[in-house]
Amino acid sequence: MDRPARASALAFEGGWTYSPAPESTEHVRIDERYGLFIGGEFVRPAEGRYFPTLNPATEEPIAEVALATDPDVDRAVRAARAAFEGPWSRMKPIERGKYVYRLARLIQERSRELAVIESLDGGKPIRESRDIDIPLAAAHFFYYAGWADKLEYAFPGRRAAPLGVAGQVIPWNFPLLMLAWKIAPALACGNTVVLKPAETTPLTALKFAEAVQDAGLPPGVVNIVTGAGETGAALVNHPGVDKVAFTGSTEVGKIIQRSLAGTGKRYTLELGGKAANVVFADAAIDQAVEGIVNGIFFNQGHVCCAGSRLLVQESVAEEVIDKLKARMETLIVGDPLDKNTDIGAINSQAQLEKIRSYLEIGLAEGAEMHQSSCPVPERGWWCRPTLFTGVSQSNRIVQEEIFGPVLAIQTFRTEEEGLAKANNTPYGLSGGVWTDKGAKVFRMTRGIRAGVVWANTFNKFDPTAPFGGYKESGMGREGGLHGLDAYLDLDA
Amino acid sequence: MNRPARTPRVPVAKTYKLYIGGAFPRTESGRYIAHRDPAGAVIANVCRASRKDFRNAVVAARNAFGGWAGTSAYLRGQVLYRIAEMLEGRREQFAAELAKEGSSKRRAAAEVDASIDRIIHYAGWSDKYQQVFSAVNPVASPHFNFSVLEPTGVVAILAPEQPALLGFVSNVMPAIVGGNTVVVLASESRPLPAISFAEVLHASDVPPGVVNVLTGRRAELRRELASHMDVNALVVCDGDDADARRELQQEAAENVKRVIERCGTDWRAERAAGPYHIRDTQEIKTTWHPVGI
C-alpha cells in the first residue's frame, strides 16, 4: 500500500554545492618541537625522546612532543607539590581566582589560534572547535574562577580544604575543553595540577602552557606532561598525587580504579557511554531528526555522551529513518578546516580501525548497514556517517561504545519498552527524549538511569551544568557546583 | 495422683534467621554459628549466610529498587519515622539483647536511645536533602537546566562490628531514606540486634527487599559484596585489615562500584550523621529542557 506523500518532507535534494571555505592557518604559531611544561618552563624530557603528533586529515606530522617517562612525571609532581605547599595554598582565595580569570581571558584572546590548532591536531570541524570547544573552555575557567573565594557557601555545614596535587589524564575528543574541565575547578579550589593530554592531541594543552606562563601563574601550579598510556599510568600511580581525575574509556577507568585501591587517593572517573535517543511518535519529527544527527555525528561521534543508539517508536520508525537517511546525505565529510565541513577526520588510524571492526561486527551480527554516499578525501582517516537497522538489544553494536559516527537503531512500542531498552546497557552517562508531551518528558527523564538527560535537545554543555555518569560510566561530576566536590576535602 | 511440682517457666528462645525480600529464611546453606555470651553460654545459633544467600538478597534488593526509589520523599520520611516508633516500643528488648552480647546496661540503653534518635534524624531529612544539594543551573543558552539527586541503586553494606545496633542504623538509614535498597552484612561478633531490628523494619511498612540482612563470616562474604555486578555501591565500615580493604576496592572496580569507606567513625558522635552521608549513595542527574523554542 502506498503511503500518502508527506507534505512535511524537507527538500534536501536541491543540488547545493559548496565552494571550499578553508580557515586560514596564517596566524597560527606551532613550534617544531615541544618540551614538557614543568615548574613554569618547557624542559627536555629525561630520556630525550620525542614523538610526532599527526594531522589526521593529511596523516602528516605537525610537530614533535616530548615523551615523559617516570623521572619526568616525578619531577612534575614535585614541582606541583612545591607550588601547592608554597605560594598557591597560602594565596588569598580572591587572588587565586584572579589568576584563573586571567586564563579564561587568555583563551578568549587566542581563541582563533586555539580553534585552528584543535582542528589541525584532532580532526574536528573548525565550526565545532571555533563555536563550541574553545568558547566553552574559556567559559569553564571563567565560571570556576569565581568560586575560588566562595567555597564556604558551596557546602553547608562543612569546611572545605584543597586536596593537594591533582593528577589528571584527559582524552583526545575535546582536548582543550577537557583540560578546562579538569584544571579550572582544581585551581579554583586551591590545588595544583599535573595534566597529561592524549598522545594524539597534545598541542592545545601545550599552547595552554604558554598561556599559563603569560598569566604569570606561580611556577609549578600547572604542569603538562605529554606521552601515551605509560605516562598516564606513571602519573596516576605516583605516590605524590593526592587526587586522580580521569576521562576516557570504561576499560581504562576500571584499571585505574583498581590500581588506586588501598592508596587513599581520591578519584573521579568520566568514562564511556552508549546513550539512547528515545523518539516518540508525538515528537516534532524534523526537530528530532536534527537532534539524532547532532547526537551521533557531532565531533565524528567521538563523544562519550553521544546518542549512539536510536530508539524510535514503531509507528514513526519508517518516517524517521527515511528522513534521517535523507539528512545524512547532506552531511559533508572532509577537511576539518573547511567551514562547511560537518564531519571531520577520525582522530587516529587506530580509532578508524576500531570503528571499522565494529562495522564488520554489526554486519556479522546480521544487522543492515546504511552509509551516506558522500565522497571522502583520499589521504587521511575518514568514516562516512553510518547507521544500522535490524539490531537487537544483545548485539555488540548496541551494547558497546564504538566512539565513531555509527548509529544503531531499534524500535519500541510502549513507553515502558522504550525505557527498558534505553537502560539496558552497563553504561549510564546520558540519554535523550523526544516528545511534545511535557509529562512524558519528565517521566522519561526521571526513568533514564543516566547523569545527563536532554529533552528535545541533545549534546548541550555548559560550565554551570554538572556532567557525569551513573553505573559504569564513571563517578563524580564535572561542571557546576557539584564539580567542586572532586577537588575538595569536606572533612577539614 | 501427685500434683505437678512447681517448676520455673521455661523461656522460649528466639531463632535468629536472615531477612531477605521481606521474609525470614534460614541460610540456604544450612550452616550456623554458635553465638555465645561473654561467659561462653550459647545464646543463639546464628545463620552463617552463604554467597548464594547474598546473591538472593541482591535480587530482592534490585526488585525492590524501582518501587522504593519511586516513592515520595514524604512517604519515605513517614516510613522511617514509623521505624523509630517501633523501636521506641521495644527499647527494653534491644537493651537486653545488647547487654546479653556484653554491653553494660547503661551503655546498652544509651545505644538504643541514640539509634532511635538517629532514625528520627534521617526521617526528617527525607524531604530536605534534595533541597540542600540540588541546583538550578544558569546555563548560557535557552534551556531550563537543573540537577537533582537520585539514588545510586543497590547498596551493599559491611556494617561496623560495634556499636552493633547504632552502627547498623547509622549506615542503613541514610541509604534507604535516599531511595536506595540495601543488603547488609551485620556485625559478626554481635549479630543479634541486626536481626531483631529486621523485625522492627518488618513491622514498619518498609517494603519487602528494601533492607536485607545477612549474618555470617565477614572474611568469607565480603569479596562477594565487593564484586557482585548488580551492586552499585559498597559501604565499608571497620572490620577489615588494610590488605582486605584494598582487595575490596579492587573487586569493586569490576563494575565501577562506588566505594564509601567509613572506617574509624565514632558512631556515637553527632558528626556520624547528616545529609552528606545520604549524598554518599546518590547520583547527580542533570536535565536539559528547551525554553521558548
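Residues numbered from 1 in each chain as written. Chains lettered and ligands numbered in written order. Predicted model: local features only at pLDDT ≥ 70, side-chain atom pairs only at ≥ 80, totals over all residues.

### A short note on the sheet that holds strand β9 (residues 258–262) of chain B
By definition, the strands of a sheet pair up through backbone hydrogen bonds, in either a parallel or an antiparallel sense. All names here are of chain B. Spelled out, the test is: Two strands pair under a simple rule: DSSP has to find at least two bridges between them. Runs of E in the DSSP output that reach at least two residues are strands. Runs of H or I that reach at least four are helices, and both are numbered from the N terminus. For helices, the fitted axis covers only the stretch in contact; all axes are lines through C-alpha atoms, and the angles between them, taken along N-to-C directions, range from 0 to 180 degrees. Contact definition: two residues whose C-beta atoms, as placed from backbone geometry, lie within 7 Å.
Strands sit in the order β7-β6-β5-β8-β9 across an open sheet of five strands; the sheet is parallel. Single-partner strands in this sheet number two, and they are β7 (211–214) and β9. Taking the axes of each pair of neighbouring strands and ignoring which way they run, one obtains an average angle of 15° across the sheet. Along the sheet, helix α8 (residues 218–227) makes contact with β5 (154–158), β6 (181–185) and β8 (233–237), crossing β5 at roughly 155°.

### Thoughts on unusual backbone geometry
What is expected of a backbone is that most residues other than glycine have negative phi and most peptide bonds are trans. Here the bond from B:Q162 into B:P163 is cis, since omega is -10°, no more than 30 degrees from zero. Secondary-structure assignment places B:P163 in the loop between β5 and α6 (164–177). If you check the backbone angles, A:F403 has positive phi at about 65° while not being a glycine.

### A look at the confidence of the model for chain A
Should pLDDT be low for a region, the predicted coordinates there are not to be read in detail. Note the following rule: Per-residue confidence from the predictor is reported as pLDDT, which spans 0 to 100.
Taken as a whole, chain A shows an average pLDDT of 96; of its residues, 97% reach a score of 70 or greater. Low confidence marks residues 1–7 of chain A, where pLDDT is under 50. Its contacts with residues over four positions away, or in another chain, come to zero contacts.

### Focus: the interface of chain B and chain A
Frequently, the measure chosen for interface size is the accessible area that the parts lose on association. Formally: Here the nonpolar group is Ala, Val, Leu, Ile, Met, Phe, Trp, Tyr, Cys and Pro; Asp, Glu, Lys and Arg are the charged ones; every other residue, Gly included, is treated as polar.
Tallying the contact residues gives 31 residues for chain B and 38 residues for chain A. Breaking the side of chain B that touches chain A down by element, the ones donating at least two residues are β4 (143–151), α9 (242–252) and β10 (282–290) of chain B. Considering only residue class, the side of chain B that touches chain A consists of 12 nonpolar, 13 polar and six charged. As paired elements, strand β18 (residues 452–455) of chain A and β10(B) share three bridges and run parallel to each other. The partner of A:V453 across the bridge, within β10(B), is B:T287.

### Overview of helix α2 (residues 73–88) of chain B
Residue and element names in this part refer to chain B. Filter applied, for reference: In this analysis, the expected span of each helix is defined as 1.5 Å times one less than the number of residues it contains. Comment: burial labels come from other C-beta atoms within 10 Å of the residue's own C-beta, placed from the backbone, where a count of 20 or more is buried, 12 or fewer is exposed, and between is partly exposed. Regarding the arc, it is the one traced by the directions from the helix axis to the C-beta atoms.
If you check α2, its first and last C-alpha atoms are 23 Å apart, about what 16 residues at 1.5 Å a residue would give, namely 22 Å. Looking only at α2, the buried set comprises R76, V79, L80, I83, A84, M86 and L87. For α2, the arc enclosing every buried residue in end-on projection is 165°, short of the 170-degree limit, so these residues lie on one face. Residues of α2 that are buried sit in contact with α3 (91–100), α4 (105–125), α6 and α7 (192–202).

### Re the pairing of strand β7 (residues 165–169) of chain A
If a strand is regular, its side chains alternate between the two faces of the sheet. Residues and elements named next belong to chain A. For clarity, the cut-off: Looking down the strands as they point away from the viewer, one classifies a crossover as right-handed if the path from the first strand across the helix to the second runs clockwise.
Of all the five residues making up β7, five are buried; the element is thus mostly covered by neighbouring parts of the structure. Of the two faces of β7, the one lined by V165, G167 and V169 and the one lined by A166 and Q168 are each fully buried. Here β7 runs beside strand β8 (residues 192–196); their pairing, made up of five bridges, is parallel. Each bridged residue has a counterpart across the sheet, and for G167 the counterpart in β8 is V194. Between the parallel pair β7 and β8, the chain is carried across by helix α5 (residues 175–188), and the sense of this crossover is right-handed. Sheet analysis places β7 next to strand β10 (residues 243–247), joined by four bridges and oriented parallel. Of the residues in β10, the one forming a bridge with Q168 is A245.

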